[in-house]
Amino acid sequence: MSTTRPRVLVTAASRHGSTMEMADFLARALQESAAGRRCGLTAEALPIERTPDSSRFDAVVLASCVYAGRWLEPARHYAVEQAAALRRRPVWLMSSGPIGAPPFPPDEPHDAGPMAAMVGARGHRIFPGRLDKQLLTIGERAMVTAMRAPIGDFRNWEALRAWAEEIAAEVAGLGTDSSAAPITAPS
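One structure accompanies this document, and this report is about it. (Residues numbered from 1 in each chain as written. Predicted model: local features only at pLDDT ≥ 70, side-chain atom pairs only at ≥ 80, totals over all residues. Heavy atoms only, no water.)

**Thoughts on the overall build of the protein chain**
1) Next: For the protein chain, the helix and strand inventory stands at seven helices and eight strands.
2) Next: For the protein chain, the proportion of its 187 residues judged to be buried stands at 48%.
3) Next: Here the analysis covers contacts within the protein chain between residues at least 6 apart in sequence; of these, 80% occur between residues at least 24 apart.
4) Next: For the protein chain, the exposed area adds up to about 8,900 Å²; of that, 54% sits on carbon and sulfur atoms. (Helix = DSSP H or I, 4+ residues; strand = E, 2+ residues; numbered from the N terminus. Buried < 20%, exposed > 50% of the residue type's maximum accessible area, 1.4 Å probe, protein only. Contact = heavy atoms within 4.5 Å. Areas by Shrake-Rupley, 256 points an atom, 1.4 Å probe, with all protein chains shown as cover.)

Right, dumping it as structure tokens:
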């Protein structure tokens, strides 16, 4: 990590915009956090389709919405293509997708564990998402209806803000050692 202001990339694969909105919020929350303000942390949210160069940042949050129990292909592809650079800096994974209370589906994405291992992620968090029937394709609407999935916006902005505080505190505490061993955070 640079000895100047740490830079954090928040990059997301989003099918209908909800996960990208969460990435934008997380980037702002990282900068506005107490630790972020103390160390001058800057954060940038970029769509994963723009293939941001993770080596230009001191830390990375890699996010994807989850469909049918998996991350979107652009997020999986990005993780594979950037794996070497990602392993050299602190990385956190974020999944967006469970909806309703209790969360549906309740399981962790199938590819989260292998991806976390591949990039040396310090943690993986799952946050509730949004399901807006108006934004869905005909096929997606049929699947949502068949599964009786709850419709609505279930995103928890305060939980995202709290996670941003945790990440910012860890990034601020790294000083110049971004090669510290990955730690495990609760999902």
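Having seen the model, we can carry on.
**Some remarks on unusual backbone geometry**
1) Next: Notably, threonine 51 is not glycine yet its phi reads approximately 50°, a positive angle.
2) Next: Position of threonine 51 among the secondary structure elements: in the loop between strand 2 (42-47) and strand 3 (59-67).
3) Next: The residue alanine 68 is not glycine, and still its phi comes out positive at about 55°.
4) Next: Within the fold, alanine 68 resides in the loop between strand 3 and strand 4 (70-71).

**Some details on the pattern of salt bridges**
1) Next: Scanning all chains against the criterion turns up 11 salt bridges.
2) Next: Notably, a salt bridge pairs aspartate 111 with arginine 70, separated by 3.6 Å at the nearest N-O pair. Note that aspartate 111 is positioned in the loop between strand 5 (91-96) and helix 5 (112-119) and arginine 70 in strand 4, a separation of 41 residues in sequence. (Salt bridge = Lys/Arg side-chain N within 4 Å of Asp/Glu carboxyl O.)

**Some details on the layout of surface pockets**
1) Next: Reported here for the largest pocket is a volume of approximately 550 Å³.
2) Next: Put simply, the parts of the chain that give the lining of the largest pocket at least two residues each are helix 1 (18-32), strand 3, strand 5, strand 7 (130-131) and helix 6 (138-147). (1 Å grid on protein atoms, 1.4 Å probe; cavity = no way out; pocket = protein on both sides within 12 Å on 5 of 7 lines; lining within 4 Å. Points joined across faces, edges and corners; volume = space filled by probe spheres on them.)

**Overview of helix 3 (residues 73-81)**
1) Next: Those residues of helix 3 not exposed but buried are Ala75, Arg76, Tyr78 and Ala79. Seen end-on, helix 3 carries its buried residues on one side only, within an arc spanning 160°. (Arc of directions from axis to C-beta.)

**Here's the deal with the packing of helix 3 against helix 5**
The geometry of a pair of packed helices is captured by two quantities: the angle between their axes and the separation between those axes.
1) Next: Put simply, helix 3 and helix 5 touch, their axes get as near as 10 Å, and they point 25° apart. Classified by the angle their axes make, helix 3 and helix 5 are roughly parallel. The interaxial crossing formed by helix 3 with helix 5 has left-handed handedness. Contacts from Ala75, Arg76, Ala79 and Val80 in helix 3 reach Met115, Met118 and Val119 in helix 5.
2) Next: A breakdown of the residues in the contact of helix 3 with helix 5 according to their chemical character gives six nonpolar, no polar and one charged. (Axes fitted to C-alpha atoms, helices over the stretch in contact; angles between N-to-C directions. Parallel < 35°, antiparallel > 145°, perpendicular 65-115°, else oblique. Left-handed = near helix turned anticlockwise from the far one by under 90°. Nonpolar A, V, L, I, M, F, W, Y, C, P; charged D, E, K, R; others polar.)

**Some remarks on the nonpolar core**
1) Next: Formed by 27 residues in total, the largest nonpolar core has its most connected members in Leu26, Leu30, Met94 and Trp163.
2) Next: Looking at this core, the elements with two or more residues in it are strand 1 (7-13), helix 1, strand 2, strand 3, strand 5 and helix 7 (157-173).
3) Next: When residues of this core are assigned to their parent elements, the largest contribution, eight residues, is made by helix 1.
4) Next: Residue contacts for leucine 30: discarding those within four places in its chain leaves Val8, Val10, Gly36, Leu41, Ala43, Ala164, Ile167 and Ala168.
5) Next: Core analysis: the next-biggest nonpolar cluster, separate from the first, contains 21 residues, Ile48, Leu72, Met115 and Ala121 among them. (Core = buried A, V, L, I, M, F, W, Y, C linked by side-chain atoms within 4.5 Å.)

**Thoughts on helix 5**
1) Next: For helix 5, the full list of buried residues reads Ala112, Met115, Ala116 and Val119. Around the axis of helix 5, the buried residues are gathered within 100° of arc, so they sit on the same side. Exposed side of helix 5, more than 90 degrees from the buried face: Pro114 and Ala117 are the residues found there.
2) Next: Where helix 5 is buried, its residues contact strand 4, helix 3, helix 4 (83-87), strand 5 and strand 6 (123-127).
3) Next: Just beyond helix 5, the residue with positive phi is glycine 120, at close to 70°.

**Regarding the side chain of serine 64**
1) Next: Looking at the element boundaries, serine 64 is found in strand 3.
2) Next: Given the relative accessible area of 0%, serine 64 is considered buried.
3) Next: From its side chain, serine 64 meets the backbone nitrogen of leucine 72 in a polar contact 3.0 Å long.
4) Next: The contacts of serine 64, once residues within four sequence positions are left out, are Ala13, Thr19, Trp71, Leu72, Ala75, Met94, Ser95 and Ser96. (Polar contact = N/O pair within 3.5 Å; in protein donor to acceptor, adjacent residues only side chain to side chain.)

Interpretation in functional terms is not warranted from these geometric data alone.
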